Amino acid sequence: VQLQASGGGLVQAGGSLRLSCAASGSTFNINAMGWYRQAPGKQRELVAAISSGGSTNYGDSVKGRFTISRDNAKNTVSLQMNSLKPEDTAVYYCNAKRLRAGVPVDYWGQGTLVTVSS
C-alpha cells in the first residue's frame with residue numbers, strides 16, 4: 001500500500017486547512033485509515049482515525065475542531081482542520097491499517113508539515 005498525502009502548509013491561528021491522502025497498490029483489506037502527527041521532540045500521536053464502516057476516533061486535543069472523512073470507493077481519507085492552534089504545528093502522517101493473513105499491518109505516508117502561526 002502506498003499513501004500519498006497533500007494539503008499541509010502555513011496558516012494563522014484560528015484558520016483552517018484540509019489534508020487529503022490517497023491509497024494505492026494493494027488496497028483490499030484496508031480497515032482503518034487515519035492521521036497521526038509528530039511535533040518536534042514529541043512522540044507520534046493519534047489525531048483521528050476512521051474505520052471502513054465509518055466509525056471515528058479522535059485525539060482529545062482535536063475533538064470538536066477536526067473532522068475526518070473517508071471515501072472507500074476512492075481509497076481516500078481527508079482531515080478538515082478548523083480553529084487551528086499553534087500547538088497543532090507538526091508533521092502529519094497518513095496511516096492505513098491493512099489485514100495481512102489476519103494480522104493488522106501499518107502503512108505510512110511521507111508526512112506533510114502543518115505550521116500554525118500565532
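Everything discussed here concerns the structure shown above.
These remarks concern the structure in this document. (Residues numbered from 1 in each chain as written. Predicted model: local features only at pLDDT ≥ 70, side-chain atom pairs only at ≥ 80, totals over all residues. Heavy atoms only, no water.)

### As for unusual backbone geometry
For residues other than glycine, phi is negative in most cases, and the peptide bonds are mostly trans. A positive phi angle, near 70 degrees, is found at Asn-29, a position not held by glycine. Within the element layout of this structure, Asn-29 appears in the loop between strand E3 (17-24) and strand E4 (30-38). With a phi angle near 55 degrees, Ala-101 is a residue other than glycine that sits in the positive phi range. Assignment of secondary structure puts Ala-101 in the loop between strand E9 (90-100) and strand E10 (103-108). (Helix = DSSP H or I, 4+ residues; strand = E, 2+ residues; numbered from the N terminus.)

### Observations regarding the state of the cysteines
Summed over the entire model, instances satisfying the criterion amount to 1 disulfide. The residue that forms a disulfide with Cys-21 is Cys-94, at a sulfur-sulfur distance of 2.0 Å. Between Cys-21 and Cys-94 the sulfur-sulfur dihedral comes to about -85 degrees; the bridge is accordingly left-handed. Of the two residues, Cys-21 sits in strand E3 while Cys-94 sits in strand E9, which places them 73 residues apart along the sequence. The buried category is assigned to Cys-94, whose relative accessible area is 0%. (Disulfide = S-S within 2.5 Å. Buried < 20%, exposed > 50% of the residue type's maximum accessible area, 1.4 Å probe, protein only.)

### Quick look at the nonpolar core
One broad trend across soluble globular proteins is that nonpolar side chains are buried collectively. Ranked by size, the top nonpolar core spans 30 residues in total, and within it Leu-3, Trp-35, Leu-79, Met-81 and Tyr-92 carry the most contacts. Of all the secondary-structure elements, those providing two or more residues to this core are strand E1 (2-6), E3, E4, strand E5 (45-50), strand E7 (66-71), strand E8 (76-81), E9 and strand E11 (112-117). Sequence-distant contacts of Leu-79, that is, excluding residues within four places in its chain, are made with Leu-17, Arg-18, Leu-19, Trp-35, Val-47, Ala-48, Phe-66, Thr-67, Ile-68 and Tyr-92. (Core = buried A, V, L, I, M, F, W, Y, C linked by side-chain atoms within 4.5 Å. Contact = heavy atoms within 4.5 Å.)

### Here's the deal with the side chain of Arg-37
Counting through the fold element by element, Arg-37 comes out in strand E4. For Arg-37, a relative accessible area of 5% corresponds to the buried category. At a separation of 2.7 Å, a polar atom in the side chain of Arg-37 contacts the side chain of Glu-45. Here the side chain of Arg-37 touches Ser-61 through a polar contact of 3.0 Å, side chain to side chain. (Polar contact = N/O pair within 3.5 Å; in protein donor to acceptor, adjacent residues only side chain to side chain.)

### Some points on the environment of Ile-68
Checked against the element boundaries, Ile-68 lands in strand E7. The spatial distance from the C-alpha of Ile-68 to the C-alpha of Ala-49 is 7.0 Å, given a sequence separation of 19 residues. Beyond its immediate stretch of four places on either side in the chain, Ile-68 contacts Met-33, Gly-34, Trp-35, Ala-48, Ala-49, Ile-50, Thr-56, Tyr-58, Val-77, Ser-78 and Leu-79.

### A closer look at the environment of Cys-21
Look at Cys-21 and you get buried, because its relative accessible area is 1%. Excluding anything up to four places from it in sequence, Cys-21 contacts Leu-3, Gln-4, Ala-5, Trp-35, Asn-75, Thr-76, Val-77 and Cys-94.

### Some thoughts on the pattern of salt bridges
Inspection of the entire model under this criterion finds 5 salt bridges. Within this structure, Arg-37, Glu-45, Arg-65 and Asp-88 form a network of salt bridges that share partners. (Salt bridge = Lys/Arg side-chain N within 4 Å of Asp/Glu carboxyl O.)

### Some words on the sheet that holds E1
Strand-to-strand pairing in sheets goes through backbone hydrogen bonds, with the strands running parallel or antiparallel. Spatial strand order, E1-E3-E8-E7: 4 strands in an open sheet with antiparallel pairing. Each of the sheet's edge strands pairs with one partner strand only, and the pair in question is E1 and E7. Recorded for the sheet is a direction-independent mean angle of 15 degrees between the axes of neighbouring strands. By the bridge criterion, 6 bridges tie E3 to E8 in an arrangement that is antiparallel. Each residue of the ladder has a partner; that of Leu-17, found in E8, is Met-81. (Pairing = 2+ DSSP bridges. Axes fitted to C-alpha atoms, helices over the stretch in contact; angles between N-to-C directions.)

Everything listed here is a matter of coordinates, which is why it stays silent on function.
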